[in-house]
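Topology and contacts: notes
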Amino acid sequence: MKWMFSRAVAAVIALFLSIASTATAGAQPLRHPATPERLNAAFTSLKAAPNNRTAQHRYLKAFPRTYKKFQSYFGPGGELADGNECDYIFALSALQSHHVAEVGTLLVQLSKDAEYQGNAPSCLHNVMANYGSHFTKSFAVYLHQLSPQERAQLINFLADVESAHYPEYKAIIQNLKGLKESDLAKEFQQAERSRQSRR
């Protein structure tokens with residue numbers, strides 16, 4: 001009798017622990033890793049309902065967070081490098097006015113390691129410059145959060161085009177001056193001069 005009682009208690013305890021761990025696991029949100037398939041599905045949803053906040057958030061969550069991952073999606077041989085890769089990147093510009101902080105942080109994280117080579121980085125360059133010229137105050141905050149080397153890399157990435165055909169770059173400099181961010185404005189001007197002297 002004693003043996004059956006202890007087995008019954010053990011079974012009840014095991015059942016209780018099993019239910020508790022299942023309930024706890026079910027209560028925690030699952031973290032799905034970003035994948036090209038998830039981004040493609042989120043992009044399709046965003047195109048179908050561009051003003052839907054849930055679709056916008058899902059898209060931003062699915063977008064790659066590092067330049068290495070960005071290249072694996074959109075660079076040569078990337079899973080989404082199908083000639084329409086810029087559509088995915090330009091969608092960030094459409095979202096920036098409603099998601100200033102999230103888009104700005106994402107763009108700065110991608111651009112701090114970027115190099116101006118290929119189609120996808122060219123599109124990233126355009127979107128980053130557009131963001132920087134329209135949301136310069138937020139852009140300056142994010143630039144200050146970078147190490148000096150990362151900031152220099154990002155600024156050089158933005159300066160790596162013909163400045164005469166690049167009004168956003170000049171707007172960034174003017175806006176930084178207007179915000180009394182003269183040190184940052186000087187960094188942008190120096191990068192522009194360095195690029196012109198290399199031609």
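Higher on the page you've got the structure.
Examining the overall build of the protein chain
For the protein chain, the count of helices and strands is 11 helices and 0 strands. For the protein chain, the N- to C-terminal ordering of α and β elements is α-α-α-α-α-α-α-α-α-α-α. Counting only residues that meet the buried cut, the protein chain has 37% of its 199 residues in that class. Once local pairs closer than 6 in sequence are excluded, the contacts in the protein chain between residues at least 24 apart make up 66%. Accessible area of the protein chain: about 11,500 Å², with a carbon and sulfur share of 57%.

So, unusual backbone geometry
The backbone phi angle of K180 is positive, close to 65 degrees, even though this residue is not glycine. Take K180: it is sitting in the loop between α10 (167–178) and α11 (182–198).

Overview of the state of the cysteines
Using the criterion set out here, one finds 1 disulfide in the structure. A disulfide bridge connects C86 with C123, and the sulfur atoms are separated by 1.6 Å. Disulfide C86-C123: the torsion about the S-S bond is 60 degrees, which places it as right-handed. Within this pair, whereas C86 is found in helix α5 (residues 85–95), its partner C123 is found in helix α7 (residues 119–134), the two being separated by 37 residues in sequence. Under the relative-accessibility criterion, C86 is labelled buried at 11%. Residue classification places C123 among the buried residues on the basis of a relative accessible area of 4%.

A word on the environment of E102
Within the fold, E102 resides in helix α6 (residues 100–111). When neighbours within four sequence positions are excluded, E102 is seen to be in contact with H57, L60 and R65.

Focus: the packing of aromatic side chains
By the definition in use, this model includes 13 aromatic pairs. On the numbers, 5.4 Å between centres and 55 degrees between planes, the contact of Y169 with F188 is tilted. Of this pair, Y169 sits in helix α10 while F188 sits in helix α11; the two residues are 19 residues apart in sequence, bridging distant segments of the chain. By relative accessible area, Y169 is classed as buried at 0%. By way of ring pairs, the aromatic residues F43, Y59, F63, Y67, F70, Y73, F74 and Y88 are connected into one cluster.

The rules behind each value
- Residues numbered from 1 in each chain as written.
- Predicted model: local features only at pLDDT ≥ 70, side-chain atom pairs only at ≥ 80, totals over all residues.
- Heavy atoms only, no water.
- Helix = DSSP H or I, 4+ residues; strand = E, 2+ residues; numbered from the N terminus.
- Buried < 20%, exposed > 50% of the residue type's maximum accessible area, 1.4 Å probe, protein only.
- Contact = heavy atoms within 4.5 Å.
- Areas by Shrake-Rupley, 256 points an atom, 1.4 Å probe, with all protein chains shown as cover.
- Disulfide = S-S within 2.5 Å.
- Phe/Tyr/Trp six-rings, centres within 6.5 Å; stacked < 30°, edge-to-face > 60°.

The quantities given are spatial measurements derived from coordinates; they are silent on function.
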